[in-house]
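# Analysis of the macromolecular model
As a plain string of letters, each chain reads:
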Amino acid sequence: MRVLLVEDEKELARALAKMLTKDGYDVDSVHDGADGLNFASTGMYDLILLDVIMPKMNGFEVLAEIRRRKLDTPVIMLTALADENDKILGLDKGADDYVSKPFSFNELSARMRAVLRRRGKLVSDNKLEYAEASLDLTTYVLHTPQGEIGLTAKEFELLRYLFEYPKFVAAKEDLILKAWGLNSEFESNNLEVYMSFLRKKLNHLGASFTIESVRGVGYRLAQK
């Protein structure tokens, strides 16, 4: 699960990133609103933690621009502003939740889980589920009633993306971005090789679904 932390207090950002990483999240941290918007606009993140008072662009401005660009990544606002009107402003601009500083890490972690569950991405015990299968986000192990099998890092990222958006066709470009990053020279036609590996592992586990190619677009989960 990838998290973007946009927080200009660098000591707080380092502490939060350390705790989030320990909790099983992949964390990128930036320290001003302009960088936060640039990183958020990649669409690579499952959740954004967004401070309000920051240099270059404040959190409200960043959030408004994120939503103007039609990005639906969940956003939790982090702020020392306690006024009710500030909270209402953040929620009206498209925030999913609002946490006032100072806060405990346990509270933040619980709010993150709640937001992700509402988006249909996270289930209990840090796992994603589809049909009868579950994908462990900490061990990279795929489980079905017939058994379990470990995934490579790239296989895990690809299957995780498909599990997160099971009702949609995942574009090849989005899958490559999720698994290999922005600066990758990975060729899209090689993506089928990795999908073939995943199909074989699903078959080995007797899964009731497979990964279906959608010509000219990408891939989706489909019942057999």
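Model, not experiment: these values are computed from the prediction.

### Topic: the packing of helix α6 (residues 153-164) against helix α7 (residues 172-180)
Between α6 and α7, the shortest axis-to-axis distance is 9 Å and the interhelical angle comes to 135°. With respect to each other, α6 and α7 are oriented oblique. For α6 against α7, the interelement crossing comes out right-handed. Every residue of α7 that contacts α6 at K154, E157, L158 and Y161 is listed here: D174, L175, K178, A179 and W180. In terms of residue class, the contact of α6 with α7 is built from five nonpolar, no polar and four charged.

### Describing the nonpolar core
Judged by nonpolar contacts, the single largest core of 47 residues is most densely connected at L49, L78, M112, L142, L159, F163 and I211. With near-sequence residues (within four places) excluded, L49 lies in contact with V3, L4, L5, V6, L20, I76, L78, L108 and M112. Of all hydrophobic cores here, the second largest spans 21 residues; its members include V30, F60, L71 and Y98.

### Some thoughts on unusual backbone geometry
In the segment running from K101 into P102, the intervening peptide bond is cis, with an omega of -5°. Mapped onto the fold, P102 is located in the loop between β5 (97-100) and α5 (105-118). Phi angles above zero are rare outside glycine, and K70 is one such case at about 65°.

Rules and cut-offs
Residues numbered from 1 in each chain as written. Predicted model: local features only at pLDDT ≥ 70, side-chain atom pairs only at ≥ 80, totals over all residues. Heavy atoms only, no water. Axes fitted to C-alpha atoms, helices over the stretch in contact; angles between N-to-C directions. Helix = DSSP H or I, 4+ residues; strand = E, 2+ residues; numbered from the N terminus. Parallel < 35°, antiparallel > 145°, perpendicular 65-115°, else oblique. Left-handed = near helix turned anticlockwise from the far one by under 90°. Contact = heavy atoms within 4.5 Å. Nonpolar A, V, L, I, M, F, W, Y, C, P; charged D, E, K, R; others polar. Core = buried A, V, L, I, M, F, W, Y, C linked by side-chain atoms within 4.5 Å. Buried < 20%, exposed > 50% of the residue type's maximum accessible area, 1.4 Å probe, protein only.

Just distances and angles here, no functional claims.
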